[in-house]
Amino acid sequence: LARKHTAASYGEISAHFAGRSHSTAVAAEKKVRLWLQNDERLAIGGGEWSVRDLLERIERELLG
C-alpha cells in the first residue's frame, strides 16, 4: 500500500518501518503479492481473514 499510494522509494519505506534496508521492503512486497496470488488467509485477533479482504479494508480506511 505504501508503494501504491506514495512516491516513496523502497529505502524510504523500509526506513520508516524499524530502519530496515530497501531489500526488506522489496521482500515484503513480494511476499504480499504471493499471498494475494495464492488467496492466502491470515489468523488475526481470533479470526481468520483473507489477505485481499484485509488489504481492501485497510485501503478504504486510509482513503476514507
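Residues numbered from 1 in each chain as written. Predicted model: local features only at pLDDT ≥ 70, side-chain atom pairs only at ≥ 80, totals over all residues. Heavy atoms only, no water.

A word on the overall build of the protein chain
Each helix and strand in the protein chain was counted, giving four helices and two strands. Tracing the protein chain from N to C terminus, the helices and strands come up as α-α-α-β-β-α. Each principal axis of the C-alpha distribution contributes one length, and for the protein chain these read about 30 × 25 × 20 Å. For the protein chain, buried positions account for 12% of its 64 residues. For the protein chain, contacts bridging at least 24 residues in sequence account for 19% of all contacts bridging at least 6. (Helix = DSSP H or I, 4+ residues; strand = E, 2+ residues; numbered from the N terminus. Buried < 20%, exposed > 50% of the residue type's maximum accessible area, 1.4 Å probe, protein only. Contact = heavy atoms within 4.5 Å.)

Section: the pairing of strand β1 (residues 41–44)
Here β1 runs beside strand β2 (residues 47–50); their pairing, made up of four bridges, is antiparallel. Its bridge partner lying in β2, Arg41 is registered against Ser50. (Pairing = 2+ DSSP bridges.)

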